[in-house]
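# Summary of structural features
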Amino acid sequence: MPGAAVRKVAVTGLGMLSPLGNGVEASWAGILAGRSGIRVLEPALADVLPVRFAGTVSDFDAVSPLSARDSAKYDEFVLYALAAGREACASAGLRRGDACLEQAGVAVGSGIGGLGLIERNIKRFESGGARRVSPYFVPGSIISMAAGLLSMDIGARGPNFAAVSACATGSHNILLAATLIRSGIVDLMLAGGAEKATTPGGVSGFASLQALSRRNEDPQAASRPWDRARDGFVMGDGAGVLVLEELEHAQARGASVHGILKGFGMSSDAYHSTAPEPNGREILRCMENALREGGVTPEQVDYINAHATSTPLGDKVECQAIQKLFGNQAPCPLVSSTKSMTGHMLGAAGAVEAIFSLLALRDQKAPPTINLDDPEPGCDLDFVAHEARALDIDLVLSNSFGFGGTNVSLLFQRFS
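This one's a predicted model, so the numbers in the text were calculated from it and none came from an experiment.

Parameters and conventions
- Residues numbered from 1 in each chain as written.
- Predicted model: local features only at pLDDT ≥ 70, side-chain atom pairs only at ≥ 80, totals over all residues.
- Heavy atoms only, no water.
- Helix = DSSP H or I, 4+ residues; strand = E, 2+ residues; numbered from the N terminus.
- Rg over C-alpha atoms; globule rule 2.2 N^0.38 Å.
- Contact = heavy atoms within 4.5 Å.
- Lys, Arg positive; Asp, Glu negative; His and termini not counted.
- Charge placed at Lys NZ, Arg CZ, Asp CG, Glu CD.
- Axes fitted to C-alpha atoms, helices over the stretch in contact; angles between N-to-C directions.
- Parallel < 35°, antiparallel > 145°, perpendicular 65-115°, else oblique.
- Left-handed = near helix turned anticlockwise from the far one by under 90°.
- Nonpolar A, V, L, I, M, F, W, Y, C, P; charged D, E, K, R; others polar.
- Buried < 20%, exposed > 50% of the residue type's maximum accessible area, 1.4 Å probe, protein only.
- Expected span 1.5 Å × (residues − 1).
- Core = buried A, V, L, I, M, F, W, Y, C linked by side-chain atoms within 4.5 Å.
- Domains from an automatic or database assignment.
- Polar contact = N/O pair within 3.5 Å; in protein donor to acceptor, adjacent residues only side chain to side chain.
- Buried area = accessible area lost by both parts, 1.4 Å probe.
- Phe/Tyr/Trp six-rings, centres within 6.5 Å; stacked < 30°, edge-to-face > 60°.

Right, let's get into the overall build of the chain. A count of helices and strands for the chain gives 14 helices and 15 strands. For 416 residues, the compact-globule estimate of 2.2 N^0.38 gives 22 Å, and the chain sits close to it at 20 Å. Over its C-alpha atoms, taken along the principal directions, the chain stretches across nearly 65 × 55 × 40 Å. If you take every contact in the chain between residues at least 6 apart in sequence, the share linking residues at least 24 apart comes to 78%. Taking the average location of the 35 positive side-chain charges in the chain and that of its 43 negative ones, the two points are 5 Å from each other.

Written out as structure tokens, the structure reads:
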């Protein structure tokens, strides 16, 4: 209604699985230490693939949310989302049966979905025909099952969906969940993304695109955003889930607030299926939209968690867009890419990096960009090379861009 105050969206819960650890704090400790989570793939894959390394989740059995029998029904990305969602709920002080969950919603997507389960069932069909295909093949691999299973697990009976936008998936789900809260449709949403694409088909497909680093002799140095020697991105698996909540609702139940989703922006390159628009015009507009929608000016931004994946063109275009955004009107904030440590987690990336952005606000530390030994000429921003840095941080911008030219920027503010 005209004149109505905009409902503020608080982040009250965080959950994560990443190549750096099973859980938010384990992953964040790895980030602050500048530790690479990239490792050689299991021999059955490494021996037959052109790219033999990735940022995989390790020791997942120790935190798997389901029994071995039930886990077999679902692709790993669904299980990752469920584990991250449970951690986010615990972080937010939520339990199944809480009255506030009755109308809560879930928005968790994936860039690719159940690729591993699809591949396994195709093999079963080829070796034994239709009778060998699992009855859980379809429900266990569809992208929306991550949100569906999580809603069942916590008893959330509000909106339940999965936005899909390639590598911007996690950020789009956060944005759409926040929009539902702002509009008054719900008071609480779980939102984020999950991915498990380090399968034979996934690695082979991206390798065929010439998108992946081939640094097989030194995997932990392969993800090197903005470095002159970068030769492609490194695939990563995992999940990130956030609990978003209307601020007064969160305060009324005594929840801790990790930060405020101050604003967000979107745009489309409308240019190419896999390559960014070379002039970065729409990446710039996406960030401008986020700042405008959040009611802030460029000089107020303290840190940017960049999309930067370690590709020759993408890193440079994003850097140039950031330089244009700040120009001569304000000093550029610190910029870094946590993908240098996690690899590119595709549909999970935006949610995981949103969490890292919120933790930067909490701890007043800018994460490092590791492996940045020789910055590309013209990419002369402060990329927090090698070591995390203490910094007064009030506003953080988190960028996510995806195949098809889709762009999202999320703006988080410190809560006090």
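Read on for the rest.
Moving on, we come to the packing of helix 11 (residues 281-294) against helix 12 (residues 312-326). Relative orientation and spacing of two packed helices are given, respectively, by the angle between their axes and the distance between those axes. Two elements in contact, helix 11 and helix 12, have axes separated by 8 Å at closest approach and are oriented at 45 degrees. It follows that helix 11 is oblique to helix 12 by the angle criterion. Note on packing geometry: the crossing formed by helix 11 with helix 12 is right-handed. Together, Ile 283, Leu 284, Met 287, Glu 288 and Leu 291 of helix 11 and Val 317, Ala 321, Ile 322, Lys 324 and Leu 325 of helix 12 make up the contact between the two elements. Among the residues forming the contact of helix 11 with helix 12, the class breakdown is eight nonpolar, no polar and two charged.

Let us look at helix 7 (residues 145-154). Burial analysis of helix 7 places eight of its 10 residues in the buried class, which makes it a mostly covered element. Among all positions of helix 7, only Met 145, Ala 146, Ala 147, Gly 148, Leu 149, Leu 150, Ser 151 and Ile 154 are buried. Buried-residue contacts for helix 7 involve helix 4 (76-91), strand 5 (105-109), helix 6 (137-141), strand 6 (160-161), strand 7 (188-195) and strand 8 (238-246). Within two residues after helix 7, Gly 155 carries a phi angle of roughly 75 degrees, on the positive side.

Here helix 11 spans 20 Å end to end across 14 residues, near enough to the 20 Å set by a 1.5 Å rise per residue. Buried within helix 11 we find Glu 282, Ile 283, Leu 284, Cys 286, Met 287, Asn 289, Ala 290, Leu 291 and Gly 294. Of the surrounding secondary structure, the elements contacted by the buried residues of helix 11 are strand 9 (259-268), helix 12, strand 14 (395-402) and strand 15 (406-413). Downstream of helix 11 by a residue or two, Gly 295 has a phi angle that is positive, lying close to 70 degrees.

Let us now look at the nonpolar core. One finds Leu 14, Ile 174, Leu 242, Leu 244, Leu 261, Leu 410 and Phe 412 to be the most contacted residues of the largest nonpolar core, which totals 46 residues. Taken together, the elements giving at least two residues each to this core come down to strand 1 (9-18), helix 1 (24-32), helix 8 (169-183), strand 7, strand 8, strand 9, helix 14 (349-363) and strand 15. Per element, the largest residue contribution to this core is 10 residues, and it comes from helix 14. Looking at which domains feed residues into this core, each of domain 1 (9-252) and domain 2 (264-409) gives three or more. Not counting chain neighbours up to four residues away, the residues in contact with Leu 14 comprise Val 24, Glu 87, Ala 88, Ser 91, Val 241, Leu 242, His 258, Ile 355, Leu 358 and Leu 359. One finds Leu 17, Tyr 74, Ala 156 and Leu 190 within the second-largest nonpolar core, a separate group that totals 33 residues.

Our focus in this paragraph is unusual backbone geometry. One non-glycine residue, Gln 210, lies in positive phi territory at about 60 degrees. Looking at the element boundaries, Gln 210 is found in the loop between helix 9 (200-208) and strand 8. Within the chain, Val 384 stands out as a residue other than glycine whose phi angle is a positive 50 degrees. Position of Val 384 among the secondary structure elements: in the loop between strand 12 (365-366) and strand 13 (389-390). With a relative accessible area of 0%, Val 384 lands in the buried category.

The next thing to look at is the side chain of Asp 237. Here Asp 237 shows up in the loop between helix 9 and strand 8. Here Ala 197 takes part through its backbone nitrogen, which lies 3.2 Å from a polar atom of the side chain of Asp 237. A polar contact of 2.5 Å, which involves the side chain of Asp 237, links it to the side chain of Thr 198.

For the chain, the assigned domains are domain 1 (9-252) and domain 2 (264-409). The centre of domain 1, based on its C-alpha atoms, is set 21 Å off from the matching centre of domain 2. Contact residues are listed per partner, giving 67 residues for domain 1 and 60 residues for domain 2. Summed over both sides, the interface between domain 1 and domain 2 buries roughly 4800 Å², with carbon and sulfur atoms accounting for 67% of that surface.

Moving on, we get to the packing of aromatic side chains. Here the structure, examined in full by the defined rule, presents five aromatic pairs. What links up through ring pairs into an aromatic cluster is the set Phe 206, Phe 233 and Phe 403.

For the pair helix 1 and helix 14, interaxial distance at closest approach is 11 Å and the crossing angle is 75 degrees. Judged by the inter-axis angle, helix 1 sits roughly perpendicular to helix 14. Together, Val 24, Glu 25, Ser 27, Trp 28, Ile 31 and Leu 32 of helix 1 and Ile 355, Phe 356, Leu 359, Ala 360, Arg 362 and Asp 363 of helix 14 make up the contact between the two elements. Tallied by class, the residues present in the contact of helix 1 with helix 14 amount to eight nonpolar, one polar and three charged.

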